[in-house]
Amino acid sequence: MKQSPQESKGIQIVKAESNLLATVFHIRQEVFVKEQKVAPEEEYDEFEESAVQFLAYWEEKPVGTARWRFTDNGVKLERFAVLPDFRGKGVGGALVKQVLQDIETHPEAKNRVRYLHAQLPAVSLYERYGFEKEGEIFEECKILHYLMKHLGEKGNLIK
């Protein structure tokens, strides 16, 4: 496994290649489908193989996941999920940081907006990493969200 800078906290983030997708899907099943009652057909989509997927480990136990992909609107960060027993331990923040760092390594992401659909309880997490709410609250999969866009290092929205 590739080590991340978060390892000192007991958190390790790795890119989830196809051999780890079953673990990614298990975490998303627990968080989105079972806990949040998202319909499985809405949770899993045609981007599973093409998106860049991540898996977060807490002391070698898989506990969180996220992914990003290119869209017509920019670069979308999505499917952030952390198992309930591991929330509040820095796993979500480590995932956000690692995903943003990975996006920066792709030249085709330059000058493209980074955005996500944040569930209300996660808005403050994303704000700590430079995202800002845009527009009105909306419902997706029967859960309230805000569109959030990432501000660049100088506080300007990455266009």
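Before any of the text, the structure's been laid out above.
Residues numbered from 1 in each chain as written. Predicted model: local features only at pLDDT ≥ 70, side-chain atom pairs only at ≥ 80, totals over all residues. Heavy atoms only, no water.

A. Fine view of unusual backbone geometry. Backbone geometry places Glu 59, a non-glycine residue, at a positive phi of 45°. Within the secondary structure layout, Glu 59 lies in the loop between β2 (52-58) and β3 (61-71). Glu 59 sits in the exposed class, given a relative accessible area of 62%. You will see that Glu 60, though not glycine, has its phi angle at about 75°, which is positive. As for its position among the elements, Glu 60 is in the loop between β2 and β3. Given the relative accessible area of 67%, Glu 60 is considered exposed. (Helix = DSSP H or I, 4+ residues; strand = E, 2+ residues; numbered from the N terminus. Buried < 20%, exposed > 50% of the residue type's maximum accessible area, 1.4 Å probe, protein only.)

B. Region of interest: the pattern of salt bridges. This model, assessed by the stated rule, comprises 15 salt bridges. The partner of Arg 87 in a salt bridge is Glu 35, and the shortest N-O contact between them spans 2.8 Å. With Arg 87 in the loop between β4 (74-82) and α3 (91-104) and Glu 35 in helix α1 (residues 21-35), the pair connects residues that are 52 residues apart, well separated along the chain. A cluster of three or more residues bridged by salt bridges with shared partners is formed by Arg 28, Glu 43, Asp 45, Glu 48, Arg 67, Arg 69, Lys 76, Glu 78 and Arg 79. (Salt bridge = Lys/Arg side-chain N within 4 Å of Asp/Glu carboxyl O.)

C. Quick peek at a nonpolar patch on the surface. Together, Leu 120, Ile 137 and Leu 144 give the surface a local cluster of nonpolar side chains, amounting to about 230 Å² of exposed area. Looking at where Leu 120 falls in the secondary structure, it is placed in the loop between β5 (114-119) and α4 (123-128). (Patch = residues over 30% accessible without salt bridge, like charges linked within 9 Å, V, L, I, M, F, W, Y side chains within 5 Å. Areas by Shrake-Rupley, 256 points an atom, 1.4 Å probe, with all protein chains shown as cover.)

D. View of the nonpolar core. Ranked by size, the top nonpolar core spans 44 residues in total, and within it Leu 77, Leu 95 and Tyr 126 carry the most contacts. No other element matches α3, which puts seven residues into this core. (Core = buried A, V, L, I, M, F, W, Y, C linked by side-chain atoms within 4.5 Å.)

E. Quick look at the packing of aromatic side chains. One pass over the full model with this rule turns up five aromatic pairs. Seen in terms of ring centroids, Trp 58 and Phe 86 are 6.3 Å apart; in terms of plane orientation they differ by 55°. Their pairing is tilted. Of this pair, Trp 58 sits in strand β2 while Phe 86 sits in the loop between β4 and α3, and the two are 28 residues apart along the sequence. An identical accessibility class is assigned to Trp 58 and Phe 86; each is buried. Considering the side-chain rings of Trp 68 and Phe 70, the 5.2 Å spacing of their centres and the 80° angle between planes classify their relative orientation as edge-to-face. An aromatic cluster of at least three residues, connected via ring pairs, comprises Phe 80, Tyr 126 and Phe 131. It is Arg 69 that lies over the ring of Phe 47; its NZ or CZ is 3.8 Å from the centre. Over the ring of Tyr 146 we find Lys 133; its NZ or CZ atom is 4.5 Å from the centre of that ring. (Phe/Tyr/Trp six-rings, centres within 6.5 Å; stacked < 30°, edge-to-face > 60°. Lys NZ or Arg CZ within 6 Å of the ring centre and 35° of its normal.)

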